[in-house]
Amino acid sequence: MRLLRIIPDNTKIDFMRLRPYAFMLSMALQIVTLVGFLTFGLDVGIDFKGGTLVELQTKEGTANVGELRTRLTRASVGEVQLQEFGGPNLVLVRYGEQPGGEEGQQAALRRVRALVDADYEVRRTEVVGPTVSSELVQMSVVGVILSIFAVLVYLWLRFEWQFAVGAMIATLHDVTAMMTFYVVTRADFDISSIAALLTVIGYSLNDTVVIYDRIREMMRKHKRMEATELLNLAINSTLARTTITAMTTFLALLALFFFGGEVIRGFTSSMLIGVIVGTYSSSFIAAPILIYLGLKAGGFGATSSEATEPQAAEAKAKA
Amino acid sequence: MLSFTRWKATLILMTAFVVIMLAAPNVLPQSWVDRLPRAMRTHMTLGLDLQGGVHLLLQVDANDVRRVQLENLRDDVRRVLRDSRIQVQGLGFQGNAVVARLREGQNGDLALTELRKIPQMIGGAFSTSGQYDAEVSRSGDTFTVTATEAGIRDKVSRAVTQSIEVIRRRIDATGTTEPIIQRQGLDRILLQVPGAKNPEEIKKFIGDVAKLEFRLVDQSMRVEEAIASRPPADSVILYEEVKEGNRVVQQVPYLIQRRAIVTGEDLIDAQAAFNAQQAEWVINFRFNASGGRKFAQATTENVNRPFAIILDNKVISAPVIREPILGGSGQISGRFTAESSATLALLLRAGALPAPLTFVEERTVGASLGQDSITAGTNAALIGSAFVVVFMFATYGLFGLFANIAVLVNVLMMFGLLSLIGATLTLPGIAGVVLTVGMAVDSNVLIFERIREEAHSGRSVMASIDGGFTKAMGTIMDANITQLITSVILFYLGTGPVKGFALTLGLGIITTMFTAITFTRYLVVLWLRWFKPVRIPL
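## Digging into the overall build of chain A
Helix and strand counts for chain A come out as 11 helices and 6 strands. On C-alpha atoms alone, chain A measures out to a radius of gyration of 25 Å, which is more than a quarter above the 20 Å that the 2.2 N^0.38 rule sets for 319 residues. Here the C-alpha coordinates of chain A stretch approximately 85 × 50 × 30 Å along the principal axes. Evaluated residue by residue, chain A yields a buried proportion of 46% over its 319 residues. Across chain A, the fraction of contacts at a sequence separation of at least 24, relative to all contacts at a separation of at least 6, is 73%.

Shown next as structure tokens:
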């Protein structure tokens, strides 16, 4: 039986020569994201800003969003967002927080229900109050920072600090790249986005660690190899694994995206992007960046002082 | 590395088998499950997003708890000083403290000694917390009794515990099956009612404090006078709301004594009934012995005077006592409908909440959406797994088959562990399972790629396989631990469905490490032993 090889054996892709382009591309992306974020912001979901979400399904036929919009103005709940949601008979209705505390939210929801009751079935409602939403924001920020930090510490203990820094930069890169997705697509940024973000962080770190592991191994084996050559060798020799795992993960996510239903589609689409970005960043960012963190022939040096003094390390390597 | 002792192999297979069997009760018919010993009836529950239902997050009103705590403190101060015959010039609140100023010439030292008896150890007299719920300080003739933050926190925490009990009684009384009622954080309660359609139906039963009080009407002053000037120190003005439909059309004021004769705590029964004579809905109630005694005494002493029945600081009715009520039972009337009397009777039976609750989050999922999500989740899981299985087989052939068997075992073990801890399976949780299938093969990919490399560098079959497993091991560990760290954090910080996702992801990583390190290797070793291959089909 002939086996499928997506990546041919013994690839010799010069990742280190591609490095400036990759860095430039990533930098450009970061700037675009930052500008886009500052200009347009995110479409923050009700999890983070409070408000109400109602999913409606027509009792018969397709939904008339335009008509529904005019009808809902009579509910006087301020600006109402309507959007078709996964099918012509499904509509998602969203509006912001209402004055009058808890009773105000309830009264508004009752008004909306009363207006649509005749020809729509209410499939789902979510009301998130302001205290909960601000806590969710806090929790999410803490979660992302904490997980990056925890992994940083783990890598620092298991490898050397340069690896930890490299992995962190790659991870931050992935986080911003996923934000690009949210800024560009205007997809709802909610609590499940945070879950997607943390999952991608986990995935990308996994990928990065596999390559780092190989770099470390090669550093021990080929003590005199030039750093660029060594990194290229390490990335190339893990390339098949990187691609195959990315493929299986991508395939699983693709199934979720197409068949998992509308509720988790935003979640899976951002993770699809995340897997691509995470895979790219471990080969094109995380590994090459070690050069800038002082990786030389002979490694970061046997002692940490040599790592901080490149000349000393070089001298030792020549000796 | 490649030799498996018999007991080791048995242990691996047994572990996998036992863990997988934990998932069995999920798919066995109910009649079989009922015959199993209780400890073996492990199963997952479907999350609200899959079976439909109402999810509410309630918050105990900490400010109200604080206010009540301060009022109690003031009453304590007043009682203590009165009992020691110390005269007070002024008594009032200041922030979180009660401030008392003594008249000139009073015994300040005595006052300090007596006031110092007020603070209670948090957690009861035998507690080791070392913290008190109040602090007493003196400056000249002014005494300050401050409610400590620790004390208020303790009260809030206890209010949550009591509220959970009351809510459980109320929900149980409505005949709802298997509600989930949990404490969340310091002052929150999570309430999930599977199968419920309308949150309003549930809120009707838990939104009201339902504090019932019987108090005397203060007749020392006309109520209009009290509104115009000031009510006596021992009385307050409360209103009766006259409603038309849901609209309050009139508010009738009453001057009512602060002290309650009897409260709802002394009720042992309350039932809605139709009073045929008056042609209206009423609530028949019965007091316990001490409540009945107190009520009998008060009604005997106050014949021909009015008393008020008060619910949550609103007057329901204020009838005149025609004759002493000695039997310990009575009737409340107050413009009830059939429904409102039934609801109130239920609330009275279940008891009052210690503090008002607010709803800070509410999510409802209709049963049809839940069913759709189950179908979608199942389809996605099957199709996703099929993708991965086919891809792995195409890439690694026989070894891909090994990996696929390992992944199957992996997924079954995941369901076993989820059943063991009685986890709730949510749609994001299913997504976590599917994602795990995609990522779990990674360990196998790492091993197989290593074996390939070893084989290409000209080693023997045995040496390649041995080297592949050994060298991949460290990488698998490092890679999975970093991922485990993020899922643990996600689990601790996440709520609801996100937690479910993190849980499946985390358990998936653990089972992945088990299957990759032991199970795949066992399969490969069996293959080596039985077929004695001369080359590796990779």
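## Comments concerning the overall build of chain B
Scanning chain B from terminus to terminus reveals 14 helices and 18 strands. Expected size for 538 residues packed as a compact globule is a radius of gyration near 24 Å; at 34 Å, chain B overshoots this value by more than 25%. Dimensions along the principal axes, computed over C-alpha positions, put chain B at roughly 110 × 65 × 40 Å. Relative to its full complement of 538 residues, chain B shows a buried share of 42%.

## Considerations on the environment of leucine 418 of chain B
Residue and element names in this part refer to chain B. Secondary-structure assignment places leucine 418 in helix α11 (residues 367-420). For leucine 418, a count of 26 C-beta atoms within 10 Å corresponds to the buried category. Taking the C-alpha atoms as reference points, leucine 418 and leucine 507, 89 residues apart in sequence, are found 8.0 Å from one another. Contacts of leucine 418, omitting those with residues within four sequence positions, involve Met44, Ala423, Leu425, Thr504 and Leu507.

## Looking at the packing of helix α5 (residues 130-158) of chain A against helix α7 (residues 191-221) of chain A
Residues and elements named next belong to chain A. Where α5 contacts α7, the axes come no closer than 10 Å and their chain directions differ by 5°. Between α5 and α7, the interaxial angle falls into the category roughly parallel. Of the residues in α7, those in contact with Leu136, Ser140, Gly143, Val144, Ser147, Ile148 and Val151 of α5 are Ile191, Ile194, Leu197, Leu198, Ile201 and Leu205. Here the residues of the contact of α5 with α7 sort into 10 nonpolar, 3 polar and no charged.

## A short note on helix α4 (residues 101-116) of chain A
Residue and element names in this part refer to chain A. In this model, α4 (16 residues) spans 23 Å end to end at C-alpha, consistent with the 22 Å of a helix rising 1.5 Å per residue. Listed as buried for α4 are Gln105, Gln106, Ala108, Leu109 and Val112. Here the buried residues of α4 occupy an arc of 160° about the axis, which is enough to place them on one side. For α4, the exposed residues set more than 90 degrees away from the buried face come down to Glu103, Arg110 and Ala114. Buried residues in α4 make contact with β2 (51-58), α3 (65-73), β4 (90-95) and β5 (120-128).

## A short note on unusual backbone geometry
Residue and element names in this part refer to chain B. With a phi angle near 55°, alanine 279 is a residue other than glycine that sits in the positive phi range. Considering the arrangement of structural elements, one finds alanine 279 in the loop between β12 (267-275) and β13 (280-287). Phi is positive for asparagine 304, which is not a glycine, with a value near 70°. Residue placement: asparagine 304 occurs in the loop between α9 (289-301) and β14 (307-311). Looking at asparagine 304, the number of C-beta atoms within 10 Å reads 8, which means it is exposed.

## Digging into the interface of chain A and chain B
Between chain A and chain B, the residue contacts involve 58 residues of the former and 59 residues of the latter. For the side of chain A that touches chain B, the elements supplying multiple residues, two or more each, are β5, α5, α7, α8 (227-259) and α9 (265-286) of chain A. For the side of chain A that touches chain B, the element with the most residues is α8 of chain A, which contributes 14 residues. Looking at the side of chain A that touches chain B, its residues break down into 33 nonpolar, 16 polar and 9 charged.

## Topic: the sheet that holds β13 of chain B
Residue and element names in this part refer to chain B. Sheet architecture is open: 3 strands sit in the order β12-β13-β16, paired in antiparallel fashion. In this open sheet, the two strands that pair with only one neighbour each are β12 and β16 (329-336). Shown here is a sheet whose adjacent strand axes are inclined to one another by a mean of 25°, direction ignored. With 6 bridges joining them, β13 and β16 adopt antiparallel strand pairing. Its bridge partner being in β16, tryptophan 281 is matched across the sheet by phenylalanine 336. Along the sheet face, helix α10 (residues 338-350) touches β12, β13 and β16 and points at about 170° away from the line of β12.

## Quick look at the domain arrangement of chain A
Assigned domains within chain A: domain 1 (15-43 + 133-318) and domain 2 (51-128). One C-alpha centre belongs to domain 1 of chain A, the other to domain 2 of chain A; they are set 41 Å apart.

## Examining the sheet that holds strand β5 (residues 134-139) of chain B
Neighbouring strands of a sheet are bound in pairs by backbone hydrogen bonds; such pairs are parallel or else antiparallel. Residue and element names in this part refer to chain B. Ordered by their spatial adjacency, 4 strands build an open sheet running β3-β4-β6-β5, and the pairing between neighbours is antiparallel. Two strands close off the open sheet at either side, each with one partner strand: β3 (88-94) and β5. Within this sheet the neighbouring strands show an average axis-to-axis angle of 15°, counted without direction. The pairing of strand β4 (residues 97-102) with strand β6 (residues 142-147) spans 5 bridges and is classified as antiparallel. Its bridge partner lying in β6, alanine 100 is registered against phenylalanine 143. In the packing of helix α4 (residues 62-83) onto the sheet, contacts are made with β3, β4, β5 and β6, and the angle to β4 comes to roughly 25°. Where helix α5 (residues 108-115) meets the sheet, it contacts β4, β5 and β6, and its direction lies at approximately 10° from that of β6.

Rules used throughout
Residues numbered from 1 in each chain as written. Chains lettered and ligands numbered in written order. Predicted model: local features only at pLDDT ≥ 70, side-chain atom pairs only at ≥ 80, totals over all residues. Helix = DSSP H or I, 4+ residues; strand = E, 2+ residues; numbered from the N terminus. Rg over C-alpha atoms; globule rule 2.2 N^0.38 Å. Buried ≥ 20, exposed ≤ 12 C-beta atoms within 10 Å, placed from the backbone. Contact = placed C-beta atoms within 7 Å. Axes fitted to C-alpha atoms, helices over the stretch in contact; angles between N-to-C directions. Parallel < 35°, antiparallel > 145°, perpendicular 65-115°, else oblique. Nonpolar A, V, L, I, M, F, W, Y, C, P; charged D, E, K, R; others polar. Expected span 1.5 Å × (residues − 1). Arc of directions from axis to C-beta. Pairing = 2+ DSSP bridges. Domains from an automatic or database assignment.

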